[in-house]
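Notes for the structure review
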Amino acid sequence: MHDHVRTVDGRLLRVEVTGDPRGRPVFLLHGMPGSRVGPRPRAMFLYQRGTRLISYDRPGYGGSDRHQGRRVIDVVSDVSDVADALGLERFAVAGRSGGAPHALACAALMPDRVSRAAALVGLAPRDAQGLDWFKGMAPSNVDEFRTAFTDPDRFVARLIPRSDAIRSDPVRLLDELRQELSEDDRQIVSDRTIRSMLLRNYREALRTSPYGWVDDALALTGDWGFDPADIQVPVLLWHGAEDAFSPASHSSWLAERIPHATAVLEPGAGHFAALRALPHVLAWLLAETPAWPAAQRSPASAEPPSPTVPVP
């Protein structure tokens, strides 16, 4: 078991592996801010389904060294280094929220190693033609992303003290978001177990520095370094219809461009509903034939999936 992996350029990445140690491998790329200890299915659930779940702190988060100036595409080298250290030749990749574009990068640049990829409640590239990038997005995210894009120095100066405050009391982040949460999201984050997992995740994400969060936002609003249209492996795009943090129109835009995409929209679901969908997503990633429970569909016509397995 490797809890740290050294990259080819000498950085350390903090890694965590759960589930069946001999199971089928899936990388789970966390959100923003986030860490390797973010919400995921129970270890026993993973073990019973023969799943080996690999998560790591993106550079600058938790126990991973910073990679200043990183782009979304740089995740490919890091995932490759972790996979090599664990002796993995082929694997699936899932990314939630800020991790979703990183999962797509792996799918685009590692078709010989990535079997399938899933992007949950993700974003489209900032320069996506024909997409009103901010439409339907919560004011807090509009302000954060717009500032990161137009005035990165100001963005960093604002985020550092905010990050320090959230590290001291991670409840502050959920309190900040409360007014913008959908009713579905409020119910999810009110669950004691999920709330505890989220708070642990935020605390670990910001434990050593604010720069994982800083670099994520700059990377997501900058040049990703790849074109999603180049992805040739099967991709699942999952989104909640009531998501105000990364609007479902972003997945719709991606679905129109990724050749082998299965797009699912869950009516009434918000951003945090991705936690509830994750067990089904893992099943899709590892199935012999990749098909969503209610068949493949576009976001505009999606129906809710069958009842989900509890995440805690």
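Data block above holds the structure.
Residues numbered from 1 in each chain as written. Predicted model: local features only at pLDDT ≥ 70, side-chain atom pairs only at ≥ 80, totals over all residues. Heavy atoms only, no water.

**Quick word on the overall build of the protein**
Of the regular secondary structure elements, the protein holds 11 helices and eight strands. Scaling as 2.2 N^0.38, a compact globule of 312 residues should have a C-alpha radius of gyration of about 20 Å, and the protein matches this with 18 Å. Looking at the protein residue by residue over its 312 residues, the buried ones come to 60%. For the protein, long-range pairs separated by at least 24 residues make up 78% of all intrachain contacts whose partners lie at least 6 apart in sequence. (Helix = DSSP H or I, 4+ residues; strand = E, 2+ residues; numbered from the N terminus. Rg over C-alpha atoms; globule rule 2.2 N^0.38 Å. Buried < 20%, exposed > 50% of the residue type's maximum accessible area, 1.4 Å probe, protein only. Contact = heavy atoms within 4.5 Å.)

**Thoughts on the packing of helix H5 (residues 152-168) against helix H9 (residues 211-221)**
Two elements in contact, H5 and H9, have axes whose closest approach is 9 Å; the angle formed by their N-to-C orientations is 145°. Of the two elements, H5 crosses H9, and the hand of that crossing is right-handed. Counted together, Pro 152, Phe 155, Val 156, Leu 159, Ile 160, Arg 162, Ser 163 and Ile 166 of H5 and Tyr 211, Trp 213, Val 214, Ala 217 and Leu 218 of H9 form the full contact between these two elements. (Axes fitted to C-alpha atoms, helices over the stretch in contact; angles between N-to-C directions. Left-handed = near helix turned anticlockwise from the far one by under 90°.)

**Quick notes on unusual backbone geometry**
The residue after Met 32, namely Pro 33, is reached through a cis peptide bond having omega -10°. With respect to the helices, strands and loops of the structure, Pro 33 is situated in the loop between strand S3 (24-29) and helix H1 (43-48). Of note, Ser 97 is a non-glycine position whose phi angle comes to about 55°, a positive value. Inspection of the secondary structure assignment puts Ser 97 in the loop between strand S5 (91-96) and helix H3 (100-109). On the accessibility criterion, Ser 97 (15% relative accessible area) is buried. Of note in the backbone geometry, Val 121 takes a positive phi value of approximately 45° without being a glycine.

**Overview of the side chain of His 30**
Within the fold, His 30 resides in the loop between S3 and H1. Of the residues examined, His 30 reaches a relative accessible area of 8% and is grouped as buried. Setting aside residues up to four positions removed in sequence, His 30 forms contacts with Ser 35, Arg 36, Tyr 56, Asp 57, Arg 58, Tyr 61, Arg 96, Gly 98 and Gly 99.

**A closer look at the sheet that holds strand S8 (residues 261-266)**
The sheet built from eight strands is open, its strands ordered S1-S2-S4-S3-S5-S6-S7-S8 with mixed pairing. Both edges of this open sheet fall to strand S1 (4-6) and S8, since each of them pairs with a single strand only. This sheet shows a mean twist of 25° between the axes of neighbouring strands, independent of strand direction. In terms of strand pairing, S1 meets strand S2 (residues 12-19) through three bridges, oriented antiparallel. (Pairing = 2+ DSSP bridges.)

**Considering the pairing of S5**
Of all six residues making up S5, six are buried, and the element is well covered by its neighbours. Burial of the side chains of S5 extends over both faces: Phe 91, Val 93 and Gly 95 are buried on one face and Ala 92, Ala 94 and Arg 96 on the other. Inspection of the sheet shows S3 paired to S5 by four bridges, in the parallel sense. Note that in S5 the partner of Leu 28 across the bridge is Ala 94. With five bridges joining them, S5 and strand S6 (residues 114-120) adopt parallel strand pairing. Note that in S6 the partner of Phe 91 across the bridge is Val 114. In this region the chain leaves S5, passes through H3 and returns to the parallel neighbour S6; the handedness of that crossover is right-handed. (Right-handed = clockwise from strand over helix to strand, strands pointing away.)

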